[in-house]
Amino acid sequence: MNLDRADRLFDWSSVQVVIAGLGVSGFAAADALLDLDASVLVLDDRDDDDHRDKANLLEVLGASVRLGAGSTAQLPPGTDLVIVSPGWRPTQPLIAQALAADVPVWGEPELAWRLMHPDRVVPWLGITGTNGKTTTTQMTESMLIAGGYKAAAVGNIGRPILEAMADEVDYDVFAVELSSFQLHWSPSLALHSAAVLNLHEDHLEWYAHADDPYAAYGADKARIFHQVTHSCVYNHDDPATEKMVEEADVVEGARAIGFRNGIPGLSMIGVVDDMIVDRAFIAERHSSALPLARVADVQPAAPHNVENALAAAALTRSFGVSPQAVAQGLQNLHLGGHRIETVHQGGDITWVDDSKATNPHAANSSMRAFESIVWIAGGQAKDTSFDTLVQTHANRLRGVVVLGVDRQRIAESLAEHAPDVPVVVLDTMDRTVMDEAVTQAARMARPGDTVLLAPGCASRDIWTGYDVRGDDFARAACALGPARADDEPESR
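Parameters and conventions
Residues numbered from 1 in each chain as written. Predicted model: local features only at pLDDT ≥ 70, side-chain atom pairs only at ≥ 80, totals over all residues. Heavy atoms only, no water. Helix = DSSP H or I, 4+ residues; strand = E, 2+ residues; numbered from the N terminus. Rg over C-alpha atoms; globule rule 2.2 N^0.38 Å. Buried < 20%, exposed > 50% of the residue type's maximum accessible area, 1.4 Å probe, protein only. Contact = heavy atoms within 4.5 Å. Areas by Shrake-Rupley, 256 points an atom, 1.4 Å probe, with all protein chains shown as cover. Lys, Arg positive; Asp, Glu negative; His and termini not counted. Charge placed at Lys NZ, Arg CZ, Asp CG, Glu CD. Domains from an automatic or database assignment. Axes fitted to C-alpha atoms, helices over the stretch in contact; angles between N-to-C directions. Parallel < 35°, antiparallel > 145°, perpendicular 65-115°, else oblique. Left-handed = near helix turned anticlockwise from the far one by under 90°. Expected span 1.5 Å × (residues − 1). Salt bridge = Lys/Arg side-chain N within 4 Å of Asp/Glu carboxyl O. Pairing = 2+ DSSP bridges. UniProt positions renumbered as here; feature names shortened; annotations may be inferred.

**Some thoughts on the overall build of the protein chain**
Looking only at helices and strands, one finds 16 helices and 20 strands in the protein chain. A compact globule built from 492 residues would reach a C-alpha radius of gyration of about 23 Å, and the protein chain, at 23 Å, matches this within 12%. Projected onto the principal axes, the alpha-carbon positions of the protein chain cover approximately 75 × 60 × 40 Å. Burial analysis of the protein chain (492 residues in total) assigns 56% to the buried set. Once local pairs closer than 6 in sequence are excluded, the contacts in the protein chain between residues at least 24 apart make up 66%. Summing over all exposed atoms, the protein chain offers an accessible surface of approximately 19800 Å²; the carbon and sulfur share of this is 46%. Of the charged side chains in the protein chain, 37 are positive and 69 negative, and the gap between their average positions amounts to 3 Å.

Laid out in structure tokens, this is it:
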């Protein structure tokens with residue numbers, strides 16, 4: 001069956017669709033396709049209460065569902081289309097079988113894009129990058145709403161695009177966070193404007209099948225610029241993102257718009273005298289810049305978060321948002337927790353939760369915001385290196401506590417590149433390890449220090465998510481009295 005031109009008005013009644021994974025995006029995809037009379041079979045190896053509840057509902061709506069070990073081992077005969085959950089790799093048996101049989105494999109964003117067409121199209125402002133995606137997406141949504149647009153933040157941020165499309169709201173625009181995984185399975189996207197915030201090592205285990213995993217990861221990020229109609233937003237200080245724009249196949253007339261945390265060049269958004277300014281979307285851009293907001297409107301105003309705001313400003317200005325709405329959007333925004341969030345202060349020591357920093361580059365963004373740090377790090381490293389991170393911040397480190405399944409990887413980088421920094425390695429592999437980590441960090445910290453949870457790693461070796469890890473850190477930190485200056489850390 002040829003699905004190359006499949007859209008909302010396509011005859012789906014004869015299409016046999018397999019939904020691989022019953023997460024939030026899989027459920028939304030199944031629901032949307034059932035509404036179009038497709039034949040839907042949902043497969044998931046998990047079989048818990050949550051999955052059974054969702055399975056029961058989908059079965060009432062007309063889907064078939066198979067849960068439990070082995071459910072995804074074989075591609076069912078007669079499958080015309082596979083809708084895959086973001087984390088599924090091309091090498092997983094079901095997906096590999098589909099690709100070998102030339103069965104199309106789409107992600108939820110690809111399905112949503114097609115089901116908007118031809119008659120319910122909502123422009124997308126897309127955001128990807130190794131770090132900062134969620135924050136930038138939230139900023140973008142807030143600026144759009146401040147500008148009077150009906151907007152929703154969707155995609156990798158946690159809300160499926162298809163779910164928002166089912167709202168009884170005539171949205172003007174979507175702010176869409178897109179992961180590399182989602183972009184890998186989304187060949188047809190043609191966004192109004194898109195931003196790549198940065199590119200650094202992450203998720204390389206997902207690309208282990210490729211000859212060059214890092215290049216494959218970057219190539220998927222670059223897909224966001226394909227057929228952009230208005231603006232391709234890149235990070236002036238990250239040459240990889242500019243190269244993506246240079247190589248992108250865009251619609252004629254689409255512009256390259258840079259951002260930088262400094263004086264902007266022509267066709268850029270930047271910072272002058274503590275003001276975010278526009279030299280891209282004004283008629284006088286050859287000779288002047290238009291103030292958009294104060295840097296102080298960005299909270300927290302850490303350097304990397306200012307960069308997020310610059311990217312969001314570029315995206316929303318490309319859509320016609322006024323300068324006043326850029327500033328108002330930043331002022332109105334209240335970010336979710338676990339992003340450089342101060343959770344406790346005592347004994348002139350500040351405890352900061354940045355559990356959302358799940359790779360070394362994200363940890364770098366946090367660490368450059370503070371002068372003297374006791375660093376709590378570790379978890380699932382995802383085949384990334386910590387050498388550059390440690391070399392960059394060795395002079396900021398009062399001490400380090402490492403934990404989690406890949407703790408030795410970080411400890412080895414510290415031993416090689418920061419041998420004089422005290423390090424405590426914790427071997428406990430359950431949630432009580434955070435209490436140990438906080439206790440050890442308190443012994444290391446001195447007045448004026450910041451104890452920073454910026455793990456540089458994913459959390460699921462011990463916790464169910466970075467949010468639970470951050471909550472455990474905050475709880476343990478708040479339970480402390482003032483740090484004791486006479487305590488000494490244990491030896492390495």
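**Describing the domain arrangement of the protein chain**
The domains assigned to the protein chain are domain 1 (16-103), domain 2 (111-332) and domain 3 (341-479). Taking the mean C-alpha position of each, domain 1 and domain 3 sit 38 Å from one another.

**Notes on the packing of helix H15 (residues 433-444) against helix H16 (residues 466-478)**
Where H15 contacts H16, the two axes come as close as 9 Å, and the packing angle between them is 50 degrees. Judged by the angle between their axes, H15 and H16 are oblique. Seen from above, H15 lies across H16 with right-handed handedness. Residues Met434, Asp435 and Val438 of H15 form the contact with H16, whose participating residues are Arg469, Asp472, Phe473, Arg475, Ala476 and Ala477.

**With respect to helix H10 (residues 303-318)**
Spanning 16 residues, H10 covers 23 Å between terminal C-alpha atoms, matching the ideal 22 Å at 1.5 Å per step. Of all 16 residues in H10, 15 are buried, a share of seventy percent or more. Immediately downstream of H10, the backbone of Gly320 shows phi near 100 degrees, a positive value.

**A short note on the pattern of salt bridges**
Working definition: two side chains of opposite charge can pair if their charged atoms are close together. The final tally for this structure, using the stated rule, is 17 salt bridges. Here Asp50 and Lys54 are joined by a salt bridge, their closest N and O atoms 3.4 Å apart. Of this pair, Asp50 and Lys54 both sit in helix H2 (residues 49-61), four residues apart, which is roughly one turn of the helix. Residue Asp50 is classed as partly exposed on the basis of its relative accessible area, which comes to 44%. Among the ionic pairs, Arg431 bridges to Asp472, the shortest N-O distance being 2.8 Å. With a gap of 41 residues between them, Arg431 in the loop between strand E19 (423-425) and H15 and Asp472 in helix H16 connect regions that are remote in the sequence. When its relative accessible area of 44% is taken as the criterion, Arg431 is described as partly exposed.

**Quick look at the sheet that holds strand E9 (residues 193-196)**
On the basis of which strands lie adjacent, the open sheet formed by nine strands has the order E7-E8-E6-E9-E10-E11-E12-E13-E14 and mixed pairing. Here the strands that pair on one side only, and so sit at the sheet edges, are strand E7 (151-155) and strand E14 (290-294). Each adjacent strand pair in this sheet contributes to an overall mean axis angle of 20 degrees, direction not counted. Strand direction decides the pairing type here: strand E12 (residues 268-272) and strand E13 (residues 275-278), joined by four bridges, are antiparallel. Note that in E13 the partner of Gly270 across the bridge is Val277. Sitting on the sheet, helix H5 (residues 133-146) touches strand E6 (124-128), E7 and strand E8 (173-177), and the angle it makes with E8 is about 170 degrees. Where H10 meets the sheet, its contacts fall on E6, E9, strand E10 (231-235), strand E11 (255-259), E12, E13 and E14, and the angle it forms with E12 comes to roughly 135 degrees.

**Thoughts on the UniProt feature "domain: Mur ligase C-terminal" (unreviewed entry) in the protein chain**
In the numbering used here, UniProt assigns the "domain: Mur ligase C-terminal" (unreviewed entry) feature to residues 338-456. Structurally, residues 338-456 comprises 32% helix and 24% strand, and the distance from its first C-alpha atom to its last is 13 Å.

**Focus on the sheet that holds strand E20 (residues 450-453)**
Read from one edge to the other, the open sheet built from six strands follows the order E15-E16-E20-E17-E18-E19, with strand pairing classed as mixed. Edge positions in the sheet fall to strand E15 (341-346) and E19, since each of these pairs with one other strand and no more. Going from strand to strand, the sheet's axes swing by 15 degrees on average, the running direction of each strand aside. In the sheet, strand E18 (residues 397-402) pairs with E19 via three bridges, with the strands oriented parallel. The residue of E19 that forms the bridge with Val400 is Val423. Each of E15, strand E16 (349-353), strand E17 (373-377) and E20 is contacted by H16, which is oriented at about 15 degrees to E15, the strand it contacts most.

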